[in-house]
Amino acid sequence: SSCVRRGAPLSHQAPTMKVVVDAGIAELGLRCVQSLRHMGCEVLCVASSFEHGEAKVVQGCFDVGASVVMGAAEVVEAAVRGFAAEMLLVIRRGDGSSRLENVVKGSVVEINMGSDAPEKAAELCTWPTFNPVFTGAESMTVQINSSAGGKWSTEVPVADTDTAYTLLFKAIPAAHDLFSQCLPELVQNSAPEASPGVAVKSLAVDPVRPFNATVDPSWSDEQVDRFIRASTFPPHPAPVVVLGEQSFVMENMDQYARFKDARQDAMSEAGQVKDTSSGQAYAADTHWYSNVGGRIVRQGGGAAANALRPVKQTDLVPGAALQGAARKKLRMNEPLLGLNAEVYLHRVLGSGWIGVEGPYIKQFERRLAQICGCAAACAVQSGTAALYGAMKAMDVSKPEHHVIVPAFTCAACADAVVQAGGTPVAVDCETESYGMSYEAFRSCLAADRDVVGVVVAPCYGVPCRDFHKIVQHCKAIGIWLCEDNCESYGSSIRETADSDALVPMGSLSTISVLSVRSEKMVGVGEGGAILSKDPALITKAKWWCSRAPCTGVGLWRVYDHADVGINGRLPEALGAIGVAATENLPVMIQRKRAIHDWYATHLFAKADGRHQLQPQKHQAPEMPVWWVNTVRLAETCPVSAEKVGMQLMEKCSDIEIRPGFYPLHWMAPFKAAGTACVTAEVVYRTLVCLPSSPNLTEQDVQYISESFLSVLDTLVPA
């Protein structure tokens, strides 16, 4: 496919001249386009010249009003001819030259990087910074030559720690500075009748020729070090070394030292580095724990950083398919980022502001507040950090501050209470929505006079059945209520127990929190937010999550703190992803609700009552988001949910399964303050969480449902 995109002009004045930029180095090309536009030039950038970075340059050109062409050679040639440029700027990335033969009739300006190098080095690689690093040069020359007359040059020093990448990073601003200095003269001297004075090839894209990045064992350590650094040019693969019949990645000299030891001792460390993909359909899940199921739950930090690593043993996305014939992974959950994530990230990186309190963070906070029907929000680095900020905003700080938390939810609720200084008290759930039981809540209050507040955590995207009763009770006795809506925001709940009017989840409590971890309704990777209709509470939470600084004391006490808080604010790049994901939230909710309907059709309807399977329930007319779909086995079922889930994953490795929440009062950190929560124990033993990714199709859900029923029929025959 081909594309010509025209940027909006910066002003209505006539252009100084027309310039075609044929940029083999994307970042330098973009900087030169920006300088040309500020000189008043009309610019057409040929984006198909790049090895990578097209998206960034296309957006960057559009931002400054330059046009971009990419695609088939004939389309590029037609666009360039029609543009009728007076100057061609060629930024060479190596030994290739411009692909615009006899198209531009004006002057030709070339920006060259590199230095004269031995023939052997020149044969190895075509990216411009390889030779200076590999040959041990003290500097690299950047030259600008114009066919209309004029030569300019500058030197970029080469340090003994430079890689090809870092040298290019230093050379780009040096080349751009040189171009900016000579640009007025280039514009003045360029003329349409000037003939190109630089040899050119064909219009077809000139690819970087194959590079044999293999370490020669006969080289000295100094040569190997230079070769590794010269070959470090991401995203190109790292260099390799051959040991026996295996090849190993060489990213640093520590790895090479291990290679030499293995070769010298004739013990082949290669034999100790196993190919973990052999015989497996999918990569192992994440270490410590997995939020997406799977048979393998690893603990520990993995292999040593500088261990020998086989070339084919690559770092993979957890759960990624390893074999071409493997089915796609039917994941528990995945993000739905929307169309603008890359654009917003490009703008963040271009601005240089990647810290906190940036414009995307502020926009993200406003979006989340709107979704939850609140007045203000504070974005933080995790759902747990959000819970901590909420607890501190509600003045939880002493062990005698008891906070009621659900026994059946993520342990983060209780963790945050402890981190804030209080004491969590687990309360049982009910069997319909799995939310906190009002009866258990009321019994706890009667037995514990130190309770200052309660955290209610709706499960799996479904409003808590007893929520309104708990809200009214809290108001009656004057304690605060926090909603942990990490799984349920986007849902709609009745405004009151007697009303059919619906309001957003999070709008009826004193304070609420949510998570924007990658698998949540809005996923950014990791993060969370604190929300409330009371902006003062959010200001207080933000203060605690900003390390509790002293305020109003002047700049010279900026590092003075009034209390011990946490450094928990969300950075700008994740805010940008979050803005894009919130734009797509309506689609996420639609897909989640469709998946829930498909499970109703293909699992619960087809179970035909023979196993007495129980779905999670909600109270009409409330509208859950069904973040995760669950199925409960009958309490009389002779096998546990764990047995069924593990058997299903054994039979169908493409299906990710997750257990229900481990009851809080069973956990070692909370046993002392815990009380028996029998219903939470029953739900844990009987509940299986099913794949609910927004990328699932109805055929996927049908396959999952049939596989689940088949396993259950095998384990519990009629």
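Just above sits the structure.
The shown structure was predicted, so the numbers you read here are calculated from the model rather than taken from an experiment. (Residues numbered from 1 in each chain as written. Predicted model: local features only at pLDDT ≥ 70, side-chain atom pairs only at ≥ 80, totals over all residues. Heavy atoms only, no water.)

J.: For this particular structure, what's the right way to read unusual backbone geometry?
T.: A cis amide bond links A620 to the next residue, P621, at an omega of 5°. With a phi angle near 70°, Y434 is a residue other than glycine that sits in the positive phi range. Take Y434: it is sitting in the loop between strand 14 (423-427) and helix 13 (438-447). Residue Y434 is classed as buried on the basis of its relative accessible area of 1%. (Helix = DSSP H or I, 4+ residues; strand = E, 2+ residues; numbered from the N terminus. Buried < 20%, exposed > 50% of the residue type's maximum accessible area, 1.4 Å probe, protein only.)

J.: Which parts of the structure should I look at to understand the environment of V224?
T.: By the element assignment, V224 lies in helix 7 (residues 221-230). If we ignore the near neighbours within four places in the chain, the residues touching V224 are V215, D216, W219, M253 and Y256. (Contact = heavy atoms within 4.5 Å.)

J.: Which parts of the structure should I look at to understand the sheet that holds strand 23 (residues 658-659)?
T.: As a general point, the strands of a sheet are linked pairwise by backbone hydrogen bonds and lie either parallel or antiparallel. Taken in spatial order, the four strands of this open sheet run 21-22-24-23, and their pairing is antiparallel. Edge positions in the open sheet fall to strand 21 (614-615) and strand 23, since each of these has one partner strand only. Direction of pairing for strand 22 (residues 629-632) relative to strand 24 (residues 687-690): antiparallel, over a ladder of four bridges. Within strand 24, the residue paired with V631 across the bridge is V688. (Pairing = 2+ DSSP bridges.)

J.: For this particular structure, what's the right way to read helix 8 (residues 253-264)?
T.: Note that an α-helix has 3.6 residues per turn; residues three or four places apart therefore point the same way. Between its first and last C-alpha atoms helix 8 spans 16 Å; for twelve residues at 1.5 Å apiece the expected length is 16 Å, and the two agree. Residues of helix 8 that are buried include every one of Q255, Y256, F259 and A262, and no others. The buried residues of helix 8 occupy one face: seen down the axis, they fall within an arc of 120°. Sitting at the amino-terminal end of helix 8 is N252, which places a side-chain oxygen 3.2 Å from the backbone nitrogen of D254. (Expected span 1.5 Å × (residues − 1). Arc of directions from axis to C-beta. Polar contact = N/O pair within 3.5 Å; in protein donor to acceptor, adjacent residues only side chain to side chain.)

J.: In this structure, what is going on with the sheet that holds strand 19 (residues 511-515)? I would like to understand it.
T.: Across the sheet, which stays open at both edges, the seven strands sit in the order 12-20-19-16-15-13-14 with mixed pairing between neighbours. Two strands bound the open sheet, and with one partner strand each, they are strand 12 (376-380) and strand 14. Direction aside, the axes of adjacent strands within the sheet are offset by 25° on average. On the sheet, helix 14 (residues 467-477) packs against strand 15 (451-456) and strand 16 (480-484) and is oriented at approximately 150° with respect to strand 16. (Axes fitted to C-alpha atoms, helices over the stretch in contact; angles between N-to-C directions.)

J.: It is not clear to me how the packing of aromatic side chains should be interpreted in this structure. Could you clarify?
T.: A full pass over the atoms with the stated rule returns 18 aromatic pairs. Taking 5.6 Å as the distance between ring centres and 55° as the angle between the ring planes, the aromatic pair formed by F134 and W219 counts as tilted. Here F134, found in helix 5 (residues 130-134), pairs with W219, found in the loop between helix 6 (164-189) and helix 7; they are 85 residues apart in sequence, far enough to count as distant. Take F134: its relative accessible area is 10%, and that puts it in the buried class. Above the ring of F83, the side-chain terminus of K18 is found at 5.5 Å from the ring centroid. The positively charged end of K392 is found above the aromatic ring belonging to W544, 4.2 Å away from the centroid. (Phe/Tyr/Trp six-rings, centres within 6.5 Å; stacked < 30°, edge-to-face > 60°. Lys NZ or Arg CZ within 6 Å of the ring centre and 35° of its normal.)

J.: Help me out: how do you make sense of the pairing of strand 5 (residues 87-91) in this one?
T.: Each regular strand displays side chains that alternate between the two surfaces of the sheet. The buried count for strand 5 comes to five of five residues, which makes it a mostly enclosed element. Residues M87, L89 and I91 line one face of strand 5 and the alternating positions L88 and V90 line the opposite face, and both faces are buried. Of the strand pairs in this sheet, strand 2 (residues 18-23) and strand 5 are connected by five bridges, and their pairing is parallel. If you follow V21 over to strand 5, its bridge partner there is L89. As judged from the five bridges shared by strand 5 and strand 6 (residues 107-114), these two strands associate in the parallel manner. Paired with L89 across the two strands is V109, which belongs to strand 6.

J.: What am I meant to see in the side chain of N485 here?
T.: Residue position: N485 is located in the loop between strand 16 and strand 17 (492-494). Taking the relative accessible area as the measure of exposure, N485 reaches 1% and is therefore buried. When neighbours within four sequence positions are excluded, N485 is seen to be in contact with P458, M505, G506, S512, V513 and L514.

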